[in-house]
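Given next are the chains, with one letter for each unit.
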Amino acid sequence: QVQLVESGGGLVQAGGSLRLSCAASGRTFSRYAMGWFRQAPGKERVFVAGTNWRGGNAYYTDSVRGRFTISGDNAKNTVYLQMNSLKPEDTAVYYCAAKREVVTFDKFDYDYWGQGTQVTVSS
């Protein structure tokens, strides 16, 4: 059974940084795509960033491109989301997700989810 465990959320002032981690276990992830999604109160869960486990292209939603960076450590089976220049509108619960093959932007395509980690950006 696949397990994804996020960590690294917290409270930060606008302009600050956080690094989220997603530790994966239970399967060989070499053919999996990893995504980060977020869900703000009263809103849908939306795609933030994604990459294939083997590395290669990274994908970002427009609102975070240039501020967020997704990366992976194969040896640790861990995916990271480095978030810089945070804004109050980045406040949300952030979820890590996994699916086979390539990155897609639709949350319904992803088979495995973590429990989420809260990110709060104060103004």
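Note: the structure precedes this text.
Below: a short report on this structure. (Residues numbered from 1 in each chain as written. Predicted model: local features only at pLDDT ≥ 70, side-chain atom pairs only at ≥ 80, totals over all residues. Heavy atoms only, no water.)

**Digging into the pairing of strand E5 (residues 45-52)**
(1) Moving on: Note that strand E4 (residues 32-39) and E5 share seven bridges and pair antiparallel. By the bridge assignment for E5, Trp 36 is matched with Ala 49.
(2) Moving on: Taking the residues that link successive antiparallel strands as the turn, the E4-E5 hairpin has five residues, and the phi of Gly 42 there is positive, at about 75°.
(3) Moving on: Relative to strand E6 (residues 58-60), E5 is paired through three bridges, and the arrangement is antiparallel. Looking at E6, one finds that Thr 51 is bridged to Ala 58. (Pairing = 2+ DSSP bridges. Helix = DSSP H or I, 4+ residues; strand = E, 2+ residues; numbered from the N terminus.)

**Re the sheet that holds strand E7 (residues 68-73)**
(1) Moving on: Judged by pairing direction, the sheet is antiparallel, and its four strands sit side by side in the order E1-E3-E8-E7 without closing on themselves. Single-partner strands in this sheet number two, and they are strand E1 (3-7) and E7. Each neighbouring strand pair of the sheet contributes to a mean axis angle of 15°, computed without reference to strand direction.
(2) Moving on: Bridge analysis of strand E3 (residues 18-25) against strand E8 (residues 78-83) gives six bridges, and the strand direction is antiparallel. Bridging from a neighbouring strand, Cys 22 pairs with Val 79 of E8. (Axes fitted to C-alpha atoms, helices over the stretch in contact; angles between N-to-C directions.)

**Concerning the environment of Lys 43**
(1) Moving on: Examined against the element boundaries, Lys 43 turns out to sit in the loop between E4 and E5.
(2) Moving on: For Lys 43 and Ala 92, which are 49 residues apart along the polypeptide, the C-alpha to C-alpha distance reads 9.5 Å.

**Some details on unusual backbone geometry**
(1) Moving on: Although it is not a glycine, Asn 77 adopts a positive phi angle of roughly 50°.
(2) Moving on: Relative to the elements of secondary structure, Asn 77 occurs in the loop between E7 and E8.
(3) Moving on: In the Ramachandran plot, Ser 85 falls in the positive-phi region, its phi being about 50° despite a non-glycine side chain.
(4) Moving on: If you trace the backbone, Ser 85 turns up in the loop between E8 and strand E9 (92-100).
(5) Moving on: Exposure remark for Ser 85: the relative accessible area of 41% places this residue in the partly exposed category. (Buried < 20%, exposed > 50% of the residue type's maximum accessible area, 1.4 Å probe, protein only.)

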